[in-house]
Structures are given as structure tokens and as C-alpha cells.
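The residues making up each chain are set out below.
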Amino acid sequence: MSSSRKNLRSPAYLRFRRRLITGLLLMAALAIALVVTQFRTAYIERELSVQSQTEHYVKAMEAHVRYSIQSIDLSLLGFANAIKVLNPQQRRSPEMMSELLSSRGSSFNSEYWITFLDTKGDIVATSTNNDVAGTAYGDRDYFKAHLNESMRGKLFVGEPAIGRRSKQKLFFLSRRVESAKGEFLGVIVAPLNVSRYATVFENSRFSSDISITLVHAGGKVIARAPNFEEAFARDLGPTALFDNVRRAKSGTYKTVSSIDKLTRVFSYRVFADVPLVIVVGSNDSEATRLLQQNYLIAGAGLAILLLLMAGAGHFSLRTYTRQEERELRYRTMYTASREMEQKLLANEEERRKNEESMKLAALLFQNSGEGMMVTDADGRILAVNPAFSSLSGYSEKEVIGHRGYELTSGRHDLSFYTRMFESIAQSGQWEGELWHQNKNGEEYLVAMRFNTVYDELGNPFRYVALLSDITKRKASEELIWRQANFDALTGLPNRRMFHEHLRQEMKKTDRSGLPMALVFVDLDHFKEINDTLGHDKGDLLLKEVAKRLSNSVRGTDTVARLGGDEFTVILSELRNAGDVVRIAQEILKQMSTPFDLDDGADNHIAHISSSIGITLYPEDGADAETLIKNADQAMYAAKQQGRNRFNYFAPFMQEATRVRMTLVNELREAVNHEELRILFQPIVDLDSGNICKAEALVRWQHPVRGLLNPAEFIGIAESSGMIVGIGDWVFKQAAREAHKLQALGLPDFQVSVNKSSWQFRDDGSNYQQWLDFLQELHLNPNSIIIEVTENLLLDTANSVSERMLALQHAHMQISLDDFGTGYCSVAFLKRFDIDYIKIDPTFVSNLADGTDGIVLCEAIIAMAHKLGIKVIAEGIETPQQMDALKAAGCDFGQGYLISRPISAEELEKKIKTGTSPVNNSLDIHRTTCE
């Protein structure tokens, strides 16, 4: 039996068996190769692990330093643009220049300030309002560099030095200030305190064997962690670092550090556009991995895999034999059945097709939805269908014998009909649009197609015409075209038409050689107009904005509305570069002039401003998409600088946008990979000194940059919408911690949670889920304090008020953060029934006898107590501040004197052990954890 079965096996079976055996052998060889490769890879990974770590670390540090320098450079460009439009008398006036530089002072901090030097290098004014006018700095490199024409339009980065007056460790960024005609007007300088980099580097080290160094291309150290004081301004020119820099712009090498004498693997990167080098070092003392156990496990796994492959091959051979037999039987039966079926259906199909053709031929003429007309070779009408009679108003009897052209109107001239007849004579057909006149004398437009029917000799025998009324369709197409290309509210070209105009103007620029400017205009505070006055007033405002924009530009320019409160202006064929600045200033003036929104029923005055971004073609980009993106980035930079201003596009804005998008993607991954952390800062009762509350603070444990504070990622979370999920997660973590602390014997312990205004809007968090979660924990809602800012209370949206009141009705308490820095009135405190107000740290830091700080704190505390509101003081850092707040009657306090933000475990341990919350020996200097 076995022998006969072998004889019946087909060639296909034998081929299958050969292929299967070959495949199994190949798979076995591949498995062995994979195991060998895996061990080889593990060996190589051990050698490259330290190098890979430093290479990734140095890229992250480069991105941080580049972003900070570009932010300062953006301020320098803004002031340079502002100074160039001043007249000479204004530029020489210390009072005028001091006022200009200090007007942006609120955006500066102790890290850097702005100074303007005249053409001789003498100080005209500084943003710090110090009386330094006339001090000579003409010998400094950051001034002398800009006397060279090659530095026009470039940022100068100076070597580190000790400031003459401030005695701080500094390095300098500067730009040349020129008039619109290219005349040298002076130098705008930003001295930068390098201690900020040392602090950032120190907090970015996740282990003690990491070193981070920022070096000037001239060789001197700007900042380093660790050993900052020892390393500052040290010359690294003769070291191995610059030996490698001269060979390549980035790389990795191993050497003994000249500063701390430790052997490290160093990775470095030379900045592309500024004379800086960033260096990261890491110790390579990791022990060699033990591989014997891996060999044993891999060998056993390989043996099992080979056994399974052999078994699978045997099973596949048996299955294939059975399947081959069944398939042969089915194929024979199917072939016979299919042949029978085709023979039966052939005749039936032919008969049905003939019947259908006859029916269609009989019904086509009478039931066609299009008008049909048949004429003889001379053009006399022989027949028309009912659709033609309905279209023209003439019955078949009324038109038979008449020529077809008698039904047309008089709109077309003789040449039109001549071209029509020539086309019919040459090709046998014509297709086009023709105006007809119906029986009542009304004209209508038809789409007509003529086809010629020839006799046996090839001569024209009949003409068949198809007619469709397209009058309404044409009108609709015209309306649709206008709606598709123009804004319905303002009548300006819309986004679609704007793109078409932009491409046309770019072609004109290519032909004429005259540059073109693209201007993006975004209205500031437009949302407040909609929220306070209503969308009708908002629409009226947009119409007036469109009129003012059109009146601010030249007749050859194009104004368009992209949507919402975004407008664009295309300034074509610029013969004078000053026209761009003039028009931008006129737009700023027109937009900041109050708008009278009088619609006949009410009279309202609206105050807005505008932020403008400007990019030039072909200087800034070669295609429309690039120009649009550049103008948008420049407009965003104007927004960031304080609104009501214009800004030209600069190439580094693209990098800033890329860095921001990278951080957005990394934050999204951080949420998924559980990289967010919660710290708690204790709050004490100032009378007893006991910890009775804590504020929950979110941190991001970045895998490369280390622990990030909220200021570095909360703004991105809000703009990207991720704040909703992050806020809900923080709320749940805080609620769980409050539940645990109350279980330790503190039934009245409360945890405060900061909430963004985004979470109280229509698309924000579902506050009802917060209450449901508290119910699941069996936690009283008054255990949670919701911290909000004054801006949230001033938000006029109904959804904000509804959510705030709903939380209060559920007995959850409300705390008003940063009190005293905004515009919140007593009426708002009473309306929202605020439970706590937190005195802003700026008031606490100014507490001293005889100062305004103690008077303001006493006034805030007295007012709050009159309204039944408790007071929490933030930022307590000295015993003197603590004593002053106690004397003023403050209820609670938090700050570095009491405790830094700590983990949940540390908070629980502090409460269990009864450790005194106040430690006078604690280092109270602020860090990035703040």
C-alpha cells in the first residue's frame, strides 16, 4: 500500500517536498546566523553605548542653547527695527532711547539686558534705566566687529568676560543697527549672564559623571557643570577638543579633562551659525557584561526551534498530499458543470440583448430628458421630441419645415455661425453654447451638440441636435465661483483667491525683477470683542478692518481675508524698500485707532491692535508655501514680543518652530510613557507651624533634558490640547495623595491643584468626572482646592462661570493664585465665593519695615478677612518674612524656608515623623524645580 501511494505521487508533490526541505535548511541556517549576529551585536553595543549617550546628550544641549540665543537675538532684531525708523534727534536722546528700551523691560529678567551704543561706541541708553549715558565701550569686540561691513545683518557673539560695572560673568550678543539706506547708526548689545547656563547644565545632569561645557570658538569656556567657577574663561584652545574641532564640526573622542582631571568620552558639536561649541562628557567605566548564561539560553532555544521546524515540515507534507487529491476531484467536477452552464446561457443572453436594443431605440427619442431636433441636409426641421417642445414652447407641428437657426436669438454674429457650419462640414459635429429664444420671446442659454448622419455614399443625410437648458446652471456657476473666491462677509478675496493672486504676483516679480512682500495681519484681542459684544459686533468690526486695510495700501496691492481675524496683504513690485515699513506702520496705526461699531441700535467703541509678520520674495523663499509659512512665523514672533508691532522673517524662526514641534511630539510621548511626575510643596498653618495642606506641582522627567519645570512645557500643552489629559491626570494623583494623607490621621488635610483656563471651556475637561472620581475614593470634595488665576475669573464665557459654580455647589474649594498682580475686583471675589487668595511672591519678597510691601500685604489680608477669605502667602524664604506675615495676620504660608517641592513619599514621611516644616539652614536659592 505504501509503495503504490508513492507511485501515485505527482511531480508537484515532489517539487513541494524539495522546496520544503530546502526552506527548512535555509531557515535553520538563518536562525544560527541570527544567534551569532545577536552576540556580535551585543558586543558592539557595549563598545558604543557610552559614545551614543554623549552624542544624544550634546544634541539636546545644543538645541537648548540655540533656542535661548535665538530668543535674545529676536529682541535685538526687534529693537534694531524700532531704532532705524527714529529720526537722528530721537536716537541721540538718552531719555527717548531709555524709554524705548525699557518699554519691553517686563519681558527681560536678570539673565540679560539691552544697551544701545552710538556710532562712536558711547552708551546712549540701557533697558535697566541706569545712568550710564556717555560711557565709552568703543574698545569692546562686540562694538568694533560691527564697524566691518561684512557683519551687516549678522549676529556677533563675543567671548566671556567680567562686566565692567555689573562684575558679573557675561558674554555678549550684538547686532549692527542701520537706517533704511544702509547707514551705520550704532550697535544694539545684550550682555548675557552665563550663570543661567551653568544652572541649566547642572540640573540637566542625570548622574555625577556627566560634564556639560559651552565653549566659545575662540577657545574660552563660557559655562560648565560641574566646576563652573574654576572653568569660567579658561582657554581650551591647546586641548584635544579643538584638535578635533579643526578636523570635523562634530564628533566623539576620549581624553583626560584638563579641568577636573577625569577620563571621559566627550562628544562635541560646533554651532552652524554662531561661534560656539557644546561639549558633553561621560565616564566609560561600565563593567563588561557576562555572556555565558546568554550562550546557554540561546543554544537551548535554537535546538527547540530546529525540532519544531522539522515537525512542521512533516505535517506540511502530509497535509499537501491530502489537499492535492481533493483539489483534483473538485476541478474535474467544476469544469464539466461550467461548460454546461455556458452553453445554456449563450442563446438566452443573445435574445435578451436584441429585445433591449429594440425597446431603447423605440423609447429614446420620445423619453429623452434632453431636447432633440432632427433636420435634413438643408437644415429644415423634420422632427422634435417632447423635451424640445417643453424647452422652446413650440409644438412639433409649429416647427416642422422651419430652419433650425430661426429659433436662435440675435446675440451671436455672422462669424459665430460661420465657424459653427465650418466645423460641422469638416468634422461632422459641433459642440458649444448658443442663445435661443422661446415662444414667449424669452432668451435662454442651451448647451448644443450637432452630429451628422451620412448616407451610403458618404454625403450628409441628416443632422441630429441635442439641446440642454443651462441658463440657471450658468448663473449658479457664477455665484459659486464668487462664493469660492471671495469672502462673504468683507468682500475681500478669500484664501483660494489669495493663493492664486500670490502665484501671479510671484511670476510678475520674476519678470520685472522688482521684489514683492507678503504681509500677515492678525488682530489682537479680537476674541474679547466677540465674547463681550457678541458675534454681530465682531462681524461689523471685521468689515471695518477690511476697509481700513484696503485704504492703508496702494491701489496695486491685494488685501485678502484668510478666515477668522487673519488678513493678508500682497505688496507687489516694490520700487522703494521703505514702502513696506510705511505700510506696516500705517496698518498698525489704523488697527489701533478705536472702532465705532454703531449699527443703528447700539453704539460701542472697540479697541484692538494687530500683529504683523513680513516676508520678502524672492529673498526669503522660492515658492508660495514657504512664503506663507515664513510670514506666519514672523507674525507669531510679533505676538510673542507683545503684539501691536511688525516683525520681519528671520531664518532662525524656522528652527524655533521646529524645536517647538519636536517638544510637542516629545510631550505626547511623555504622557504615553508615564514620564510626568507630581511633587508636593507643603503649606503650614502660620499660628501652629503644622503642615495642613500641600500644593500639587507637575514636572516632566525628560529622558535627555532631565527634570523640566511647568514653564517649559505647560504653554505647549495648552496650545496643543494635551493640557486636558494632563490636568485630569494631575487631579487624580492629587486626590489619591489627599486620601492617603487623611488616612494617616489628618482628616482635614487638603491638596491644591492648579487648573488652566483651557480646562473650564466648552472643549475642556469634564468636571463631573472629577466629582465622580472623588466619590469613588470616598473623599470629601472639600479635600481638594482648585487653584485658578484672575484671568479665568475675568473670562466672560458662560461655560467658565457654570463650571466654577458647579464645583462650589459640590463643596470643592476655590483658591485665587497670584493675587494682587491682575485686575480682579472685590465684586468677582464675592461673585465666585472665593475660599482662599494667595499673595503673589513679589509682595512677600519686598517685606521689610517701612516698605510698601508690608503695607500692601496688610491691606490684602485685612480685606480678605473682611470678606471671610483665608490668605496663603507664597514664596516665604527668610525668617524675617515669616515673622512679618504672622504679625500681619496671614493664615497660611509656603515657600523654600518651609520646604522645597518634594515627592509624595517624602511628604508622608515628614508628616509621620512630625519633622518641623521650617528649616532655617535650608538653602533657599531658587532652582529650576521652582
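Anything mentioned here points back to the structure above.
We now turn to the structure provided with this report. (Residues numbered from 1 in each chain as written. Predicted model: local features only at pLDDT ≥ 70, side-chain atom pairs only at ≥ 80, totals over all residues. Heavy atoms only, no water.)

A word on the environment of I612
Structurally, I612 can be placed in strand β22 (residues 609-617). With a relative accessible area of 0%, I612 lands in the buried category. The sequence separation of I612 and R645 amounts to 33 residues, and the corresponding C-alpha distance is 6.3 Å. If near-sequence neighbours (up to four positions away) are discounted, I612 is found in contact with V519, F520, V521, A584, I587, L588, A634, M635, A638, R645, F646 and N647. (Helix = DSSP H or I, 4+ residues; strand = E, 2+ residues; numbered from the N terminus. Buried < 20%, exposed > 50% of the residue type's maximum accessible area, 1.4 Å probe, protein only. Contact = heavy atoms within 4.5 Å.)

A short note on unusual backbone geometry
Backbone torsion omega between A225 and P226 reads 0 degrees, so that peptide bond is classified as cis. Within the fold, P226 resides in the loop between β8 (221-225) and α7 (228-231). Backbone torsion omega between Y617 and P618 reads 10 degrees, so that peptide bond is classified as cis. As for its placement among the helices and strands, P618 is situated in the loop between β22 and α18 (624-640). You will see that H525, though not glycine, has its phi angle at about 65 degrees, which is positive.

A short note on the pattern of salt bridges
Summed over the entire model, instances satisfying the criterion amount to 31 salt bridges. Put simply, D260 and R264 hold a salt bridge, and the shortest N to O gap is 2.8 Å. Assessed through its relative accessible area of 19%, D260 is described here as buried. The partner of D522 in a salt bridge is K639, and the shortest N-O contact between them spans 2.7 Å. Taken together, the residues D522 in strand β17 (residues 516-524) and K639 in helix α18 connect sequence positions 117 residues apart. For the pair D522 and K639, one class covers both residues: buried. (Salt bridge = Lys/Arg side-chain N within 4 Å of Asp/Glu carboxyl O.)

Some thoughts on the packing of aromatic side chains
Taken as a whole, this structure holds 12 aromatic pairs when the rule is applied. With 5.6 Å between their ring centres and 20 degrees between their planes, Y253 and F266 make a pair best called stacked. Taken together, the residues span a long stretch of sequence, with Y253 in strand β9 (residues 250-256) and F266 in strand β10 (residues 263-270) at a distance of 13 residues. Overall, Y253 belongs to the buried group, its relative accessible area being 12%. Assessed through its relative accessible area of 7%, F266 is described here as buried. Ring geometry for F416 against Y417: centres 5.5 Å apart, planes inclined by 85 degrees, an arrangement best described as edge-to-face. Assigned by exposure class, F416 and Y417 land together as buried. Connected via pairs of aromatic rings, a cluster forms that spans F171, Y197 and F201. Lying over the aromatic face of F773, K732 brings its terminal NZ or CZ to 5.5 Å of the ring centre. (Phe/Tyr/Trp six-rings, centres within 6.5 Å; stacked < 30°, edge-to-face > 60°. Lys NZ or Arg CZ within 6 Å of the ring centre and 35° of its normal.)

As for the sheet that holds β9
Overall, antiparallel pairing links the five strands, which are arranged β8-β7-β11-β10-β9 in an open sheet. Pairing within the sheet leaves two strands with one partner each, and these edge strands are β8 and β9. The average undirected angle you get between the axes of adjacent strands in this sheet is 20 degrees. In the sheet, strand β7 (residues 211-216) pairs with β8 via four bridges, with the strands oriented antiparallel. (Pairing = 2+ DSSP bridges. Axes fitted to C-alpha atoms, helices over the stretch in contact; angles between N-to-C directions.)

Let's talk about the environment of V200
Mapped onto the fold, V200 is located in helix α6 (residues 195-204). C-alpha separation for the pair V200 and R705, spaced 505 residues apart in sequence, amounts to 9.3 Å.

A closer look at the pairing of strand β30 (residues 836-839)
The alternating pattern of β30 places Y836 and K838 and I837 and I839 on opposite faces, both of which are buried. One ladder, built from three bridges, connects strand β29 (residues 813-819) with β30; its direction is parallel. Its bridge partner lying in β30, S815 is registered against Y836.

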